[in-house]
Every structure is written in structure tokens, then in C-alpha cells.
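Below, each chain spelled out in residue letters.
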Amino acid sequence: MRRQLDALEAELQSIEEQLADPETAKDSAKLQALMRRHGEILPIVERYREYKRLLEREQQAREILETESDEDLIKLARDELEEIIPLKEQLESELAEAIMPKDPNEGKDVVMEIRAGTGGEEAALFARDLCRMYLRYAERKGWKAEIVYESPSSLGGYKEVILHISGKDAWKLLKYESGVHRVQRIPVTESSGRIHTSAATVAVLPEAEETDVEIREEDLEIETFRSSGPGGQHMQKNETAVRIRHKPTGLVVECQDERSQYQNKMKALRILRTRLLEMKRREQEAEIQRQRREQIKSGDRSDKDRTYNFIQNRVTDHRYDITLYKLKDILDGDLDELLNEIRRTEIQRWLSGQETPALVGQGS
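Novice: Could you give me a rundown of the pairing of strand 4 (residues 179-185), with the residues and numbers involved?
Specialist: Most of strand 4 is tucked away, with 7 of its 7 residues classed as buried. Bridge count for strand 4 against strand 5 (residues 196-206) is 7 bridges, and the pairing is antiparallel. In the sheet register, Gly179 faces strand 5, and the bridge partner there is Val202.

Okay, here's the thing in C-alpha cells:
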């Protein structure tokens, strides 16, 4: 990391020398390019210089601890280290994140698919809890989130539910949610008070742009039907729900949450486009196939990326060895602490050159 940051600092110095050269002003294209690059790297280099100043202060404090015998000086040095070390670690994380390879999906909206795994109705109820958790988290972040498809279970859970989430950093944060989520609790269906383990899978996909995937009208088989929902005056009398089958691949997408058939069709096409882009990636890159398998797995109880233990009020992310004893808060959408810890761990792994988990957000 230091080599990359030193190179950026040298580049900044070179750019500033060129900007100070009167000849540069005569070439407007070059001037604009230099100014744009200067704006990109200046904040990073300023933080790096601050980081180097902290390293110097740390070294001086440690030298005092090693060489001095005066108790007052030693106390001052210890106090200095207590202040410096957390600041240094924070700057290390910020600098590493600034120079880490950029995620090509950064800034994209998210399609999140939640499916009940092993565990019957309890798994479906847990899938509903996860859906609520992400909707509440989106609300906390000021994102726009909506259910675009749902397949309810008999007790009010979800066999499957698909969300569309848009907002600043939605992909950056939610991509870590892909995987098998396991719950351990006494289900409402259990009369003897026995703890039950069930699972749900979460797939997080970056939404495909229209330019990413070409969908030909002749490749689509479109059906309309009445939306499911409450009866009485709310009952849908028109066929506004839409089911689209992509004939070349066999992919089927449904959408029924809007009152307009056209709006449901547009939403279904967005989901289809995202799934087709994912299929295209899998075909092109064998590595993405491996990452998707790691992410989705089977939804079996034995598969686990994260565990929610109600008895202990505990949430554990097994990929990153992170445990928080605030399960109720997390299920209520308070995910920031958990996701920040995951992000910090990922940055530290990158810094140490370790292989990080496959988190490109693949799904079916």
C-alpha cells in the first residue's frame, strides 16, 4: 500500500508542477485532464500525509518508552500512543479503501432475492423477517425499496420475495448480504418449546442497465393474470399482474405489485434483464460460477454464512468471524455496525494480501 501511495504523492507533485507551467494553460484539453486528476488524488494524498505524520509521532513516542526513565515523559508517551493508534488504524482503512480496485458495479441499484430454504413454514417466516429487516434498513438509509414479487406461504411468510433497492451506496453495502442465513429459535409452530434451526438464502444482484443486455420482443412470452391480495373492495378485477418467460433461456419472471399492467411489465423486464446479465456473466467467467455457488449454496441447515440465534440475542457472520449481541436491533434494520465491521475486515484482509470471500453479488 505504501508504494502505491508514494506513487500517488509523486504523481500529485508532477501534476502541480505541470499546472504551474504557463505552457500548460495553452492546451485546454491537457489542462482539464490535469485538473480532473488533481482533484481525484489530492484528498488521498492529503490523508496519506496525515498518516505519515501520525507514524512519526508514533515512532517518537515509542522511542521515549524505550529510552527514557522519567515517569512523566513515559506517561505522556503512553497517552500519545493511546491517541495515535486508533487514528492510525482508521486512516489505514480509509487509505486502503481509496486505493482498492474499484467494484465495477459501484453505484448500481440492487435486486435482492430472498428464498425460504430448509425448515418448512419456519424458513418462510424467517424469509419474511429478513425481508422486513432489509426494508427497514433501506428506510434508515433513505433508500427507495419496494417489493416487486412475492410468493407467500400459508402462515404469512415468504417462499420467495424479490426487492428492488436504489440509493447511495446500496450495492456497496448490501453485496455482503448474499449467502445462507440461518436462524435458531423456538418457532410459533412448535408447541413443546424446542429450538428449531432453519435457513433462507439471500442473493444480491447489481441491476442491469438496458445497454447491458439486449432483450428482443420476439423472445418473450408474456401472460397477464389477476394480482393476488386482499379480497373485498381491494380485489383486483383486472389482469394487471404480468408473467414473462424468456424463451431462449426459459427464465420466468413475475410482477404484480403495481395496479398498472404496463408498470408491472416494466418492473418484470428489469428483473429479467438483471437475471440475463447474471447468466451472461456465468457463461463468460468460470470464476463467477464458483462465486455464485459459494454465495447461494443449497439453503440447507448445515450451510451457513450468518446465524441469527434468538436464545442468545446473537448474530454471527461466519465468513468474517464477527459476532454482535444485538439480534433484535439488527432484525429491526440496524445493520450499520455489522456491515461496517465486515467492510473493515475485508479491507484488512486486502491489506494483508489474504484472499477475500467471493462477494460480487451473484444469484439466480
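Novice: So what's going on with a nonpolar patch on the surface? Which residues, and what values?
Specialist: The grouping of Ile186, Ile195, Phe310 and Ile311 at the surface amounts to a nonpolar patch, some 340 Å² of accessible area in total. With respect to the element layout, Ile186 can be found in the loop between strand 4 and strand 5.

Novice: How would you sum up the sheet that holds strand 8 (residues 251-255)? Please name residues and give values.
Specialist: Read from one edge of the open sheet, 3 strands run 6-7-8, paired in antiparallel fashion. Each end of this open sheet is capped by a strand with a single partner; those strands are strand 6 (220-225) and strand 8. When the angles between neighbouring strand axes are averaged without regard to direction, this sheet yields 15°. As defined by bridge partners, strand 6 adjoins strand 7 (residues 241-246) across 6 bridges and the pair is classed as antiparallel. Each residue of the ladder has a partner; that of Phe225, found in strand 7, is Ala241.

Novice: Give a detailed account of the pairing of strand 3 (residues 158-166), specifying residues and quantitative values.
Specialist: Regular strands place side chains that alternate from one sheet face to the opposite one. The buried fraction of strand 3 is high, at 8 of 9 residues. Across 6 bridges, the pairing between strand 1 (residues 110-116) and strand 3 is antiparallel. Bridge pairing in strand 3 links Met112 to Leu163. Examined bridge by bridge, strand 2 (residues 144-152) and strand 3 share 8 bridges and lie antiparallel to one another. Residue pairing across strands places Ile147 opposite Leu163, the latter belonging to strand 3. The turn joining strand 2 and strand 3, which pair antiparallel and follow one another in sequence, is formed by 5 residues; a positive phi near 95° is taken by Gly156.

Novice: Describe in detail the nonpolar core, supporting the description with residues and values.
Specialist: Membership of the largest hydrophobic core comes to 37 residues, with the highest contact counts inside it found for Met112, Ile114, Leu130, Tyr134, Leu174 and Tyr308. Elements that contribute at least two residues to this core include exactly strand 1, helix 4 (120-141), strand 3, helix 5 (170-174), strand 5, strand 11 (322-324), helix 8 (327-331) and helix 9 (336-351). If sequence neighbours within four positions are ignored, Ile114 has contacts with Ala127, Leu130, Cys131, Tyr134, Lys159, Glu160, Val161, Leu163, Thr201 and Val202. Among the nonpolar cores identified, the runner-up in size contains 19 residues, and Leu220, Ala268, Leu272 and Leu277 belong to it.

Novice: How would you sum up the pattern of salt bridges? Please name residues and give values.
Specialist: Enumeration according to the criterion identifies 43 salt bridges in this entry. Between Arg128 and Asp129 there is a salt bridge, with its nearest N and O atoms 3.7 Å apart. In this structure Asp129 comes out as buried when scored by relative accessible area, which is 17%. In the salt-bridge network here, residues are joined through shared partners; they are Arg132, Arg136, Glu139, Arg140 and Asp332.

Cut-offs applied
- Counting of residues starts from 1 at the beginning of each chain's written sequence and follows it residue by residue.
- Local features in a predicted model are, by the rule used here, given only for residues with pLDDT of at least 70; side-chain atom pairs are given and counted only at 80 or more, and totals for whole chains, interfaces and linings are based on all residues.
- The basis for every side-chain value is the complete set of heavy atoms in the structure, and neither hydrogens nor water enter the calculation.
- Under the scheme applied here, a residue whose accessible area is under 20% of the maximum for its type counts as buried, over 50% as exposed, and between as partly exposed, the area being computed with a 1.4 Å probe on protein chains only.
- Helix numbers and strand numbers start at the N terminus; a helix is a DSSP run of H or I with at least 4 residues, a strand a run of E with at least 2.
- When DSSP finds two or more bridges between a pair of strands, those strands are recorded as paired.
- Excluding any residue in a salt bridge, patches collect residues exceeding 30% relative accessible area, merging like charges within 9 Å and nonpolar Val, Leu, Ile, Met, Phe, Trp and Tyr side chains within 5 Å.
- In this description, accessible areas are obtained by the Shrake-Rupley approach with a 1.4 Å probe, and a residue is regarded as covered only by the protein chains that are shown.
- Whenever a carboxyl oxygen of Asp or Glu lies within 4 Å of a side-chain nitrogen of Lys or Arg, that contact is scored as a salt bridge.
- Orientation is described by axes fitted as lines to C-alpha atoms, over the contacting stretch for helices, and by angles from 0 to 180 degrees between their N-to-C directions.
- For our purposes a nonpolar core is just a set of buried Ala, Val, Leu, Ile, Met, Phe, Trp, Tyr and Cys residues, chained together by side-chain atoms within 4.5 Å.
- By the convention used here, residues are in contact when the closest approach between their heavy atoms is within 4.5 Å.

That's the geometry; what it means functionally is another story.
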